[in-house]
Amino acid sequence: MIKFIFNLKSIAGITLSISLLLLSGCGSDKNGSDTPEPDDGFALFIDGPIALQPGNTASYTAVLMSVLNGEVDANVEWSESTLAGDGPVVSINSNGNLEALRFGVAKITATVEAGDGLTYTASLPVSVTLPGTFVVTPAAIIASVNESPIQLETVYMGPSVKDLNITYESGDAQVATVSNTGLVSFVGAGEAVITVQAGGIEGSPLQEVPILVIQEVDVPLPVARVDIQPGNTTLFPGETQLFEASVFNGEGNRVTDKSVSWKLVFETDEDGLEIEAGSISTSGLFEAMSYGKVQVVATVEGVSDIASVFVIPENVIISDPLSTGIPAGSTKQFSAVVYPMNRETLSVSPDPLEEQPKIEWVMLDFGIPQFSIGTVDEQGLVTINEDVLPGALGFLMASSKDDQINAYPGFSTINVGIASDCDCGVTDPAAVAVSVEPVEVNISLSSGILNQQLTARVVDAGNLTVGGASISYCSDNETVAAVDETGEIIGLAVGTATITVCHGTLEEQVTVNVSF
């Protein structure tokens, strides 16, 4: 059995939608009794807001429910009465459309003739409040018998007063009691009004909080919970997984005679298209088709459970370097290694695949001329075209030629380098060579140390420094590494650059490797 306990509350000025149960009925049963048995299996529910302001309108509905047969068709008659206020507080028509007329507390009542002389009624308190400086929250309370007490809070916005002198009083202590601090306790089923008055404010304004206390209702539900096994799993493309759904009723007992509906919910790509990572049969057999994440949903009589499936590549190709800059007309050797995936951690294993497949290299241009920056041979040697503009971007893909080895391709990005002008000046008659240290520089962008100083000098035949001889520095790939007139190098992006150190016709070259 599932217990429905209706416990909804509303703060002043905020309207909430509720369902209200009032266990009352009158008429004659088939045995001639004037009052039906308390467990006759019917209940009348009202749905609508319990807090409004003058001028507001709202629609209310009432449904007669049978514990055995569900909703019962019936004609509903509506009426209203005033609980607190000067004159009618609300007006409701035969269709359940209500208008809030003035400040106060009203009660709307739905009446249904169920047949066999039985009549059912349900009532709902409606509080109509005026915007003001003294507010009590919540503005109305619906709770069950012996539910945890609820604290009333008061808010005053206006001139400063020494003491608000707040008092609380319950209109029916058999239904609800209230302490001198505003803590409301729920004693028995019924209706009550808590009056909250601020004696310390001019005019001693008061607010009335309608209280409805209800009994618990037991409604049997054939299905209360569905559990999918396994909960989450990881598969490679082509693998299968049989999912099973366990169904439980409201009493926690497993149900075996229910039909399970299976469906998949796919992720979407940047264009909003579904990534169909697999398929599932009516018996719950999932087949992995392509990379991605998919949710498996099992539904029984409106109750569902969800499991996630991660379809990952069995192997991954890592190309090296992942990103680099190459000057126009230059070449760069790339390599690729295949690593297996760890399905438990969803990560790449640290050790490469024992038997490496042959790699197929392709320069990707996507049919866009701007991306056609060069060529690549079968060994992964990339050659940048002579006429390509500096700063152009290209993409290199490495894939497995072996159909037996399923591997996700590796990708590298290539920036066409921008070379700096190199004016080496006039050679000094005494100069025979340029000496520079170091001749190879390694910079890691993640280390935060991006600068490296070169030490260079012009020497004569005796390896002595030639005084006053000028030295120039230039980079063939300033998108990767730049150098200033003093020989200080700064790493800018992953890749390789060559720094030329020259004096007249004499020069020396320094290789700069920039990694992440």
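Everything discussed here concerns the structure shown above.
Computed from a predicted model, the values in this text were never measured in an experiment. (Residues numbered from 1 in each chain as written. Predicted model: local features only at pLDDT ≥ 70, side-chain atom pairs only at ≥ 80, totals over all residues. Heavy atoms only, no water.)

A. Structural view of the overall build of the chain. The helix and strand inventory of the chain stands at 0 helices and 54 strands. Looking at the chain residue by residue over its 516 residues, the buried ones come to 38%. Sequence separation of 24 or more characterises 57% of the internal contacts of the chain that already satisfy a separation of 6 or more. Only carbon and sulfur atoms are counted for the fraction: they give 50% of the accessible area of the chain, which is about 26,800 Å². (Helix = DSSP H or I, 4+ residues; strand = E, 2+ residues; numbered from the N terminus. Buried < 20%, exposed > 50% of the residue type's maximum accessible area, 1.4 Å probe, protein only. Contact = heavy atoms within 4.5 Å. Areas by Shrake-Rupley, 256 points an atom, 1.4 Å probe, with all protein chains shown as cover.)

B. Quick peek at the sheet that holds strand 50 (residues 472–475). Strand order in the open sheet formed by 4 strands is 47-54-53-50, and the pairing between neighbours is mixed. Edge positions in the sheet fall to strand 47 (440–444) and strand 50, since each of these pairs with one other strand and no more. Direction aside, the axes of adjacent strands within the sheet are offset by 25° on average. For strand 53 (residues 495–503) and strand 54 (residues 506–515), the ladder comprises 9 bridges, and the chain directions are antiparallel. Looking at strand 54, one finds that Thr-500 is bridged to Gln-509. (Pairing = 2+ DSSP bridges. Axes fitted to C-alpha atoms, helices over the stretch in contact; angles between N-to-C directions.)

C. Expanded view of the pattern of salt bridges. Counted according to the given criterion, the structure contains 3 salt bridges. The partner of Arg-343 in a salt bridge is Glu-239, and the shortest N-O contact between them spans 3.0 Å. Of this pair, Arg-343 sits in the loop between strand 38 (335–342) and strand 39 (347–348) while Glu-239 is found in the loop between strand 26 (232–235) and strand 27 (240–242), placing the two residues 104 residues apart along the sequence. Judged by relative accessible area, which is 27%, Arg-343 ranks as partly exposed. Relative accessible area serves as the criterion here: at 27%, Glu-239 is assigned to the partly exposed category. Across the pair Lys-258 and Glu-301 runs a salt bridge, and its minimum N-O distance is 3.0 Å. Of this pair, Lys-258 sits in the loop between strand 29 (254–255) and strand 30 (261–266) while Glu-301 is found in the loop between strand 33 (292–300) and strand 34 (303–311), placing the two residues 43 residues apart along the sequence. (Salt bridge = Lys/Arg side-chain N within 4 Å of Asp/Glu carboxyl O.)

D. Spatial organisation of the pairing of strand 54. Where strand 47 lies against strand 54, 5 bridges are found, and the strand directions are parallel. Counterpart to Asn-442 in the pairing with strand 54 is Asn-513. Hairpin remark: strand 53 followed by strand 54, antiparallel, with 2 residues in the connecting loop; positive phi at Gly-504, about 60°.

E. Main features of the sheet that holds strand 35 (residues 315–320). Reading across the sheet, the 4 strands line up as 39-38-35-44 and stay open at both edges, with mixed pairing between neighbours. Edge positions in the open sheet fall to strand 39 and strand 44 (407–408), since each of these has one partner strand only. Bridge count between strand 35 and strand 38: 6 bridges; the pairing is antiparallel. Looking at the pairing, Ile-318 lines up with Val-337 of strand 38.

F. Broad picture of unusual backbone geometry. Cis peptide bonds are those with omega within 30 degrees of zero, and the linkage from Thr-137 to Pro-138 qualifies with -5°. Cis geometry marks the peptide bond from Glu-437 to Pro-438; its omega dihedral reads -10°.

G. Spotlight on the nonpolar core. Counting residues in each nonpolar core, the largest one holds 28 residues, and the members touching the most others are Leu-44, Ile-46, Tyr-60, Trp-78, Val-90 and Ile-108. Secondary-structure elements contributing two or more residues to this core are strand 5 (42–48), strand 8 (61–66), strand 11 (90–92), strand 12 (97–100), strand 13 (104–115), strand 14 (118–128), strand 16 (140–144) and strand 23 (206–214). By size, the runner-up hydrophobic cluster in this structure holds 22 residues, among which are Phe-134, Val-136, Ile-141 and Ile-166. (Core = buried A, V, L, I, M, F, W, Y, C linked by side-chain atoms within 4.5 Å.)

H. Up close: the packing of aromatic side chains. Scanning all chains against the criterion turns up 1 aromatic pair. With a centroid separation of 5.3 Å and an interplanar angle of 65°, the aromatic rings of Tyr-291 and Tyr-408 are classed as edge-to-face. Placement of the pair is Tyr-291 in the loop between strand 32 (285–288) and strand 33 and Tyr-408 in strand 44, with a sequence separation of 117 residues. Sitting over the face of the ring of Phe-248, Arg-225 holds its NZ or CZ atom 4.0 Å from the ring centroid. Of note, Arg-343 hangs over the ring of Phe-236, and the distance from its end group to the ring centre comes to 4.2 Å. (Phe/Tyr/Trp six-rings, centres within 6.5 Å; stacked < 30°, edge-to-face > 60°. Lys NZ or Arg CZ within 6 Å of the ring centre and 35° of its normal.)

I. View of the state of the cysteines. The final tally for this structure, using the stated rule, is 2 disulfides. For the chain, the bonded cysteines connect in the pattern 1-3, 2-4 when numbered consecutively along the sequence. (Disulfide = S-S within 2.5 Å.)

J. Just the side chain of Ser-319, in detail. Looking at the element boundaries, Ser-319 is found in strand 35. For Ser-319, a relative accessible area of 3% puts it in the buried group. Looking at Ser-319, its side chain comes within polar contact range of the main-chain oxygen of Phe-411, at 3.2 Å. In terms of polar contacts, Ser-319 uses its side chain to reach the side chain of Ser-412, at 2.7 Å. (Polar contact = N/O pair within 3.5 Å; in protein donor to acceptor, adjacent residues only side chain to side chain.)

K. Expanded view of the environment of Ser-66. Checked against the element boundaries, Ser-66 lands in strand 8. When neighbours within four sequence positions are excluded, Ser-66 is seen to be in contact with Gly-41, Phe-42 and Val-72.

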